[in-house]
Every structure is written in C-alpha cells, then in structure tokens.
Amino acid sequence: MAADLPAYRSLLVDQSARPDARSLAAFDLSILNPQAEFEMEPVHALGNHCFALLDIAHFRTGSQAAMLGARRQVSSKPAASDATTRIIDHADPQWASWVIEALADPAAKKGFDGFVLSLGSEASTPAARVAVLTLAASLRQRYPDKHLLLDLRLGLGNEAASIASGFLALGVYTREGRDGAVDWTPLAETQRLTRLIRTVQMQGMRVMAVDFAPADDRSACREAAQRLSSLGALPFITTPALDGTNLGPLEEVSRRVLVLHGWDEKHVGEKAPPAAATATARLMRQSLEWLGCELEFRNAGGAEFLPQDYSFAAVILDSCLVLSAAQQQALAEWLPSLRAKKIPLLLTGMPWTDGASRQLAMQHLSLGGRAQPAPHLAKTNVVAMDSTLLRVNTRITSRSIGFLDLQAPSDARIVLALHGRDATGAEHHFDQAFLASWGGAWIDPVAEAATSQLDLPAFLAQWLGSEHTLPVPDTTTREGRRVFYSHIDSAGFSTPSTLPGFPLCSEIMRDRILSRCALPVTVSVCEADVRAWFPGQDLEEATRLEHVARSLFEMPQVQAASASFSRPSMWTAGSDITSKLNDRAQTTRHDIAREIAGSMSYIHRRLLPVGKAVDLMLWPANAAPTAEALNYCRALNVESLPAESSTDPMATASFHAMRLEPLALRCSFSDVRTEAGIASLMKKFDTCAREPLHAITAAAYAASVRDARHTRILRASADHWIILNAGDCRTFRLPAAIGLPDMARCQGVTGYIVHQGHLYIHTMGKARTELVLSKDRPAQHIHLAECSSTVEFLELTSRRATFQVCDLRPVEVVLGGFEPRGQCAYLENGRPYTTHADASGVVRFEIACRSTVSLQSLPPAAHAAMR
C-alpha cells in the first residue's frame, strides 16, 4: 500500500471551513476538513492531492452525521469538553457503516483523493485499534483508488502495513497548551511517537508529521521543521488552531513594508494628508515596488497607532510623521522588538522631539549627536560617501537644509556624510544616509525638490537585506522585453480641431494616428460626451459622435475603456456625483454605479462590435478615485488605471536603462488638435514601434499590476521557490549573480534572460510556478529568451518545443538552449524551415502574427552528416 502513495514533497494541514485556494495550489498534499468549501478542480489541475481528515470518534449535534447516527441508532455519549459534541462508540456494530456512509462517502463524492482516519483527542485502546483496522480494510475495498492514512496516535504500526498507505503524526514534539498557546508534548508521548515513526518507516511507509510553533517566532518554526525532517517525516508547522497557517518548512516570504505617517487629528488640529501625499509615496514607492515590496500605509492616529503583529518585512518612518509625547515614547519602546525580530527600520526624519523619548530612541538605535537641527550653518561640505549607492553621473552636494547633528552607529556603512560649521565656528556632523544592523537612515528634506542623490533602488535593496532576495513580480517586462502600453483619454473627443474643415479631434486621431499604428491602443470615451449630453452640445452631434466611436472600436488594434458617464469631480459613495448635464440627458441615477457600470453598459450595447468588451476603467484626470470607486471596479472584475497627463516616453526613459517602469504612451484626443500635436504624437508612436518592446493592452498591464500585489512567494530553500498568483503577472526578477533556472527541475517556467545585471524569468501564467535555480551551468534545455508577443507553450522539453503566438505584427522570437552552432528545424503553420543557432546556442527568427510553431534542436550540420 505504501508504494501506491505519491512522493509528496510538501504538506498542508488545514481544518478550517474555507481553506485558501492559493495555499492548496502551493502544496502537493493538503489534508482538509471533509466539510470544507473549496474548488477541487483547480487543485487537481495542478497535480496536487487533497485528503479528508475523518474524525471517526466524534460528531456534532445537529449535523448530517448526527442525524444518520440517530437513524442507525449508533450509541454515543456527550463529550466532557464540549456540549455540542458527542463521542460515538466504536464497539457498536453500526459504527463502521456509519463512518463510511456519514463521513467517507460524502468526502469521496467531493473528489477527495484519500482519507485520514483519526480518533481525535480520544485515547486509543486495543479494541479501538482492531476496529480501526477493520474499518480501514472496508474503506480500502470500497475505494481502491483512494489513499489511506492513519493517525499515528492510534498506536498502529506493522499491522497496518497491508492496509494503510502511510501515517499522519500530530503533535510529535509540541501540542496545544493553555489558551491556544504552544506547549511541549510530554516526553513519554514524544518518545512513543518517534518509536512508532521509525517502526513504520522500516516497513517502507511514509509519515506526514505536524508540529506547532508561535506564528511570530521564525527561529522556533525553523527548529520545529528541522526536528521533524531529521526523523525522515514530511513536516508541516502551523498553529494549534490547525487553520492552515503555514509556518514552514515552506516559508512564505512577507513583502509588506509598513509606512508610519501622518498624525493624530486631535494632536495637530487638522487632518493628516492621504498616503499618496507622503514623502515615502512620492520618492520611494516606485523603487520599493520595483524591489517587490507591498507598501502598507498606517496613519499615526490615536494611542494604538502601532501594529499588533510583526507580519511585515520592514518599517519606514515617514518624514512627515508627527507624534504626541506619549506616541513618541511608545514608538521608542517599540524599537527593540523590531531589532529582535530582525525587521529593518528606515528613518527618513526624526519624529522624536520630546527629549526623553529622543534619548531612549537614540540609545536603542546606537545613534550619536543631539539629533536636532544645527542652526545658522555658514558652511557645509561632503566628508564621506559610498559611490556604489549614489546616483551615477550626479554631482553630490552638501545640503544645509534639514542638517541634523546626527551620527550613525560606529559599525554603520556610511553612504553620505556631511560636515558643517555654524556662525560661531562650532562644528557639526550629519550622517545623512547610512546602513546599520537595525536598518538605516536617509534624511534629505529637499530630495523631492532637488532630486535624490542616492541610487534609491540600490540603497533600498541593501537596506532590506539578503532575506529579501527573492523572485519579485516584475510588471515592466514580459517575455524578456520591456512592456509597452498606450491609452487615449476621452478629453477632447468631441472638440473640433484647427485643421481645415475643423474635423473632430477623435476623427483626426482615427484617420491620422490609429489608422497607421499596429500597436495595441486603449481608447476611452465618456458616455455623456458621446451622447451630446454636456451643456453646450447640440442634439445633432450625437449621431456623428457615436459613429466616430464605433469606427474607432472597429479597428483591430483598439481596445475599449470607459472614462465614466460624466467625468465627475468626486467619487463619493452614496452621493450625487454626476457632472452637470443638459436638458436632454435621460438618466435618473447619478451615483458611482451609473458612472462606472452604466457607462460600460452603454459602450458595450451601443458602440462595440461583436467580440469586443469593455475591460478597463480609465479614471478621468480631474478626480482621483476613492476606495469605494476602486472596490466597485474590483467587484465588477474590471481593471482600472488613472488617465494621467500626456507623457513623452522618449523623454522620460531610455530603452536600454534599468527597467523601473514600463514604457507608457499616454495621451488624449485633445493632443491632436493642431498639426504640431499630430506630428508629435505620430513621432512617438513610430519610435515605439521601431523599438524591441513587448506591446500589451492597458487592461493587461493593469491586471499584471494587481496580480503582482497579490502574488505570494514561498521559499523551499535558498534556490527553490514556489510562486502563487492569478497568472496575469508572468515575469519575475532576481539578481543575475544568484544563478540560472534549472529548466529540467522548474515547473511553469518557459525561459529567462539576463539584462542589466538582473535575471528575468518568464512563466506560463499558471496558478503555481516552481522555480529552481542552479549556480552551475544548467543542462542544455530549450527556453524562451525574448519575444515581442505573448507565447503560449503547448510543449517544452530539453530538445523540443511547440508554441503559439497571436499579435498584430510579425512576431520576433529568440530562443536559447540549443547546441552552439546547432540547427533548429521548425514548422510554422505546417511549413518547414531551418535556422541555425549562434555560438551561444541562441536562435532568432521571425514568424507570422498568428502562428503555431513546432521545433526541434539538432546538432550542427557537420555532426549530423557524420551520424
């Protein structure tokens, strides 16, 4: 029986009513509550298995099992610890049939791949063990295709070898203590269980073992996993609640960065600015998100402004943080706990103005100086700097504004240090940027106005530390190339241009720009504008405007987006937010639903051709969306993006620089009002079309950004990762020095490319991706290096591949993993071709915009002839 059990590599035990779907995708084997609500099909599609943990000694009053027990008149008695639970008598002749009918049969109908038989907390007796063996034999006969595990606490060993597939050991070293805390299992019980583990392992049977640890103690979790692994068991570490909390050995890496900002309104007398207005958001958000961080802003309101948990990767104290004396004291006393849990802290200001609190904070952080502004500085100069963490080609200057008398810890890495002399001749020292064992500091009040002197991505990567070296979601790159997307805002749609005959700007955009553009473009329209419902618009315009909108959306490269019903100036839920309309406007609703869902319904019914849909909300530039508006879009399963102002992608980024952001061409219909505007926009589109980019729709980009935020990353080892997401974000990035993917051991990985010192990993867009790296040169294996279109692989092996592409233009494909100077024989839509790899084993070719390609790696022609 043990030979039938698959070689599971990871284990999850979750007895909650609704297990997390992504957790089920991460683990090869999940042992679940048989009544749990979840979808089995996605789990099986990934090749994972689910077992039902059957409590064969108890049932809850009022349940289906209780009613069946009453009909069968199975004897039972109340449980001493829970009035709603009854203990069933395993000696009753009807007990085995009750278990099968009440527990096993429903689990089998749900699609569970196996059963785990357990008496729960009840003590095992010789009679109980005999009854369980008899039950197990009956289940094996009834369900020969199901695997069967036994709770090791039953005390069964060799006698179960011919019936059971393996064992589940709960609480080998630890158990639930008082009030749900973790306690040590009595030594005698631990010794009994370990002896049983060795006994059944000698019979070739596998043991899945579960122990418990505090959720906020990473070292205790790792030690618990190591103890079980040393026994040869497949371990899972969780909390005593058995609610699926994963504490190891497959460790989920937190990407949350807590940003403390703002102030208590009662303390300052006015409301704190929103998170988007903080210095952290304006200066560091892009770099932090590029590093894979999820920013969580927390306003410092009230006495309980500090979080109760430590489930974040780092903490930033925003430069605009203003605290009362009591809050300053609480923050200073909180610092040692961050240091003990090795959570890095970043100071971007000095929030401690109270003398006692400031002294306590400086003591905890080992800071020197007065940590107060140095007054009346007559001269400042740079005395130390680390050029590896400063911006390239930037003249580093000493900035007197915000100069603090502050010295870093003695063992800190100084990035930028200043010296100042005041009017009296007194000298002051300011370590403006440094990295320390507890985190670091970057205090530069004029960074936004005068630009940062630090290389923020490099500095923040060092601040986060090696623990944050993980495959981070990357939305700037797709299939090895920089992402390009474009969208046209609705502003100016009905505005006449200055060209002869005064054609509409929307007509100019259609005839002069989009008609010659083969890149995907998202076009948004405002319903009230198209229907001529704004003040000053004539009824006769509506027919012409709707015709123009239809002709735009009929273009194959154009995707539709809504710019709302009336471009409201606010997005307050439950309010009349619709902008002013003329007397012909026919609508009775003026709320968020009308602005979003109503406008999309109009576009879909009146403007779109068959086969197209509205899949993006492009927020009007005159009002930022509220949380209610964003949530409404999410409830509709519609992506959203801000319209933003017109941008020149050529002026903001180099095609060959570090990819901190995608290449986005954002414009509006009003940009083509003049001949100069037409020429400028035409030049931008032409330049982008010539560059080696990966063009996607704005909605696809928005989906990748959302998916990147929700991506979960689990570390199996230093070079082995499990990545879980919805498949919209398909690229992940690591430092190139960490190694290359071992394609033979990876799952869901299609290839990789190294660019600017970073390793970009391409995936198939599945719910689960398994990434295994190797510092040695991996074995030869065909892989995708880059492509101008999304590639869907149907087959990918070491020497063969089959894939499909669909694009608006001919597709450029670059593949690696061939023999140096070897041959690539391929069929493109059934037609045979041959091309050759270069000295690095890389093949480049161009295929039709809609193609199915099957290819094979062959040795160089001379070698093939000799064979």
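Structure shown above.
Now for a quick tour of the structure. In this convention, every chain numbers its residues from 1, walking through the sequence in written order. Local features in a predicted model are, by the rule used here, given only for residues with pLDDT of at least 70; side-chain atom pairs are given and counted only at 80 or more, and totals for whole chains, interfaces and linings are based on all residues. Computation of side-chain values covers all heavy atoms of the structure but excludes hydrogens and water.

## Focus: the overall build of the protein
So the rule is basically this: The helix count covers DSSP runs of H or I at least four residues long, the strand count covers runs of E at least two residues long, and both are numbered beginning at the N terminus. Put simply, the radius of gyration uses C-alpha atoms, and a globule should come to 2.2 Å times the residue count raised to 0.38. Burial classification: accessible surface area is computed with a 1.4 Å probe over protein chains only, and a residue below 20% of its type maximum counts as buried, one above 50% as exposed, and the rest as partly exposed. Residue contacts follow a heavy-atom distance rule, with two residues in contact if any of their heavy atoms lie within 4.5 Å. Accessible surface area values rest on a Shrake-Rupley calculation with a 1.4 Å probe, where residue burial reflects the displayed protein chains alone. Neither His nor the chain termini are counted; the positive set is Lys and Arg, and the negative set is Asp and Glu. Charge positions come from single atoms, namely NZ of Lys, CZ of Arg, CG of Asp or CD of Glu.
Along the backbone of the protein there are 22 helices and 48 strands. Over its C-alpha atoms the protein spans a radius of gyration of 32 Å, differing by no more than 12% from the 29 Å that the globule rule assigns to 867 residues. Its C-alpha atoms give the protein principal-axis dimensions of roughly 95 × 80 × 75 Å. Sorting the 867 residues of the protein into buried and exposed places 54% on the buried side. Counting contacts in the protein only where the partners sit at least 6 residues apart, residues at least 24 apart contribute 69% of the total. Total accessible area on the protein stands at roughly 37500 Å², and carbon and sulfur atoms take up 51% of it. Looking at charge distribution, the protein has the averaged site of its 85 positive side-chain charges lying 3 Å from that of its 91 negative ones.

## Section: the layout of surface pockets
This is how the line gets drawn: Residues are called lining when one of their atoms sits within 4 Å of a cavity or pocket point, these points coming from a 1 Å grid over the protein atoms alone, where a cavity is a set in which a 1.4 Å probe fits but cannot get out and a pocket is an open set with protein on both sides within 12 Å along at least five of seven lines. Grid points are joined across faces, edges and corners, and a volume is the space filled by probe spheres set on the points. Each residue gets one of three labels, nonpolar for Ala, Val, Leu, Ile, Met, Phe, Trp, Tyr, Cys and Pro, charged for Asp, Glu, Lys and Arg, and polar for the others, Gly among them.
The computed volume of the second largest pocket comes to approximately 1700 Å³. The wall of the second largest pocket is formed by 50 residues, among which Asp-55, His-58, Leu-119, Gly-120 and Ser-121 lie closest to the centre. Among the secondary structure elements, those contributing two or more residues to the lining of the second largest pocket are β3 (49-55), β4 (58-60), α3 (64-72), β6 (85-88), α4 (95-110), β10 (174-176) and α6 (187-202). Residue classes in the lining of the second largest pocket are distributed as 23 nonpolar, 14 polar and 13 charged.

## Section: the pattern of salt bridges
Any two side chains of opposite charge can pair, given that their charged atoms come close. The line we're drawing: Whenever Lys or Arg places a side-chain nitrogen within 4 Å of a carboxyl oxygen from Asp or Glu, that contact is recorded as a salt bridge.
Per the counting criterion, the structure on display carries 44 salt bridges. Ionic pairing is found between Arg-153 and Asp-151, a salt bridge with its closest N-O pair at 2.8 Å. Residue Asp-151 is classed as buried on the basis of its relative accessible area, which comes to 2%. Linked through salt bridges whose partners overlap, the residues forming this network are Arg-9, Asp-28, Arg-768 and Glu-770.

## Let's talk about the sheet that holds strand β45 (residues 823-828)
Stated precisely, the cut-off is as follows: One requirement defines pairing of two strands: DSSP has to find at least two bridges between them. Inter-axis angles, ranging from 0 to 180 degrees, are taken between N-to-C directions of lines fitted to C-alpha atoms, where helices are fitted over the stretch in contact.
In space, the 5 strands of this open sheet follow the order β42-β43-β48-β45-β46, with antiparallel pairing throughout. At either margin of the open sheet sits one strand with a lone partner, and together these are β42 (791-796) and β46 (831-836). Neighbour-to-neighbour, the strand axes of this sheet turn through a mean angle of 25°, independent of strand direction. Bridge count for β45 against strand β48 (residues 850-858) is 6 bridges, and the pairing is antiparallel. Paired with Leu-827 across the strands is Ser-854, a residue of β48.

## Let's talk about helix α20 (residues 675-690)
Our working rule: A helix's residues, less one, multiplied by 1.5 Å, set its expected span.
Here α20 contains 16 residues, and its C-alpha end-to-end distance of 23 Å stays within 8% of the 22 Å for a straight helix at 1.5 Å per residue. Of the residues making up α20, those classed as buried are Gly-677, Ile-678, Leu-681, Met-682, Lys-684, Phe-685, Thr-687 and Cys-688.

## Description of the packing of helix α10 (residues 325-340) against helix α11 (residues 355-365)
Put simply, the rule reads: Convention used here: angles under 35 degrees read as roughly parallel, angles over 145 as roughly antiparallel, angles from 65 to 115 as roughly perpendicular, and any remaining angle as oblique.
Two numbers describe how α10 lies on α11: the axes approach to 9 Å, and their chain directions differ by 10°. In terms of orientation, α10 and α11 fall into the roughly parallel class. In this structure, α10 uses Ala-325, Gln-328, Gln-329, Ala-332, Glu-333, Leu-335, Pro-336 and Arg-339 to contact α11, whose residues at the interface are Ser-357, Leu-360, Ala-361, His-364 and Leu-365. In terms of residue class, the contact of α10 with α11 is made up of 7 nonpolar, 4 polar and 2 charged.

## Focus on the packing of aromatic side chains
For clarity, the cut-off: Only Phe, Tyr and Trp rings are paired, with Trp represented by its six-membered ring, and only when their centres lie within 6.5 Å; those with planes under 30 degrees apart are stacked, over 60 edge-to-face, the remainder tilted. Counted as over-ring charges are cases with an Arg CZ or a Lys NZ within 6 Å of the ring centre that also lie within 35 degrees of the ring normal.
All chains considered together, the criterion is met by 17 aromatic pairs. Judged by centre distance (5.4 Å) and plane angle (20°), the ring pair of Tyr-826 and Tyr-833 falls under stacked. A ring pair is formed by Tyr-826 and Phe-845, whose centres lie 4.7 Å apart and whose planes are at 20°; its orientation type is stacked. In this pair, Tyr-826 sits in strand β45 while Phe-845 sits in strand β47 (residues 843-847), placing the two residues 19 residues apart along the sequence. Phe-845 sits in the buried class, given a relative accessible area of 9%. Taken together, the ring pairs in this structure connect Tyr-310, Phe-312 and Trp-334 into an aromatic cluster. Taking NZ or CZ as reference, Lys-341 lies 5.2 Å from the ring centre of Tyr-310, over its face. Above the ring of Trp-290, the side-chain terminus of Arg-733 is found at 3.7 Å from the ring centroid.

## Examining the side chain of Thr-348
Rules: Whenever a nitrogen or oxygen atom comes within 3.5 Å of another N or O atom, the pair is scored as a polar contact, on the condition that within protein one atom can donate a hydrogen and the other can accept it, and that pairs from neighbouring residues in sequence are kept only if both atoms are in side chains.
In this fold, Thr-348 is placed in the loop between β18 (345-347) and α11. A distance of 2.5 Å separates the side chain of Thr-348 from the backbone oxygen of Leu-317, its partner in a polar contact. Of the polar contacts made by the side chain of Thr-348, one reaches the backbone nitrogen of Ser-319; its length is 2.8 Å.

## Observations concerning helix α14 (residues 505-513)
Within α14, 7 of the 9 residues are buried, which leaves it mostly tucked inside the rest of the structure. Inspection of α14 places Cys-505, Ser-506, Glu-507, Ile-508, Met-509, Arg-510 and Ile-513 among the buried residues, and these make up the whole buried set. Where α14 is buried, its residues contact β27 (481-489), α16 (541-553), β32 (663-668) and α20.

## A few points about the nonpolar core
Keep this limit in mind: Take the buried residues of types Ala, Val, Leu, Ile, Met, Phe, Trp, Tyr and Cys, join any two whose side-chain atoms come within 4.5 Å, and each joined set is a nonpolar core.
In this structure, Ile-31, Ile-56, Trp-98, Leu-117 and Leu-150 are the most contacted members of the largest nonpolar core, which totals 90 residues. Among the elements that take part in this core, α4 stands out by supplying 9 residues, more than any other. Setting aside residues no more than four positions away along its own chain, Ile-31 makes contact with Leu-11, Leu-12, Val-13, Asp-14, Gln-15, Phe-51, Leu-53, Val-116, Leu-149 and Leu-168. Among the nonpolar cores identified, the runner-up in size contains 64 residues, and Leu-258, Leu-291, Leu-365 and Leu-464 belong to it.

## Considering the environment of Ser-165
Summarising the element assignment, Ser-165 is placed in the loop between β8 (147-151) and β9 (166-170). Judged by relative accessible area, Ser-165 falls into the buried class, the value being 0%. Separated by 670 residues in the primary sequence, Ser-165 and Thr-835 place their C-alpha atoms 51 Å from one another.

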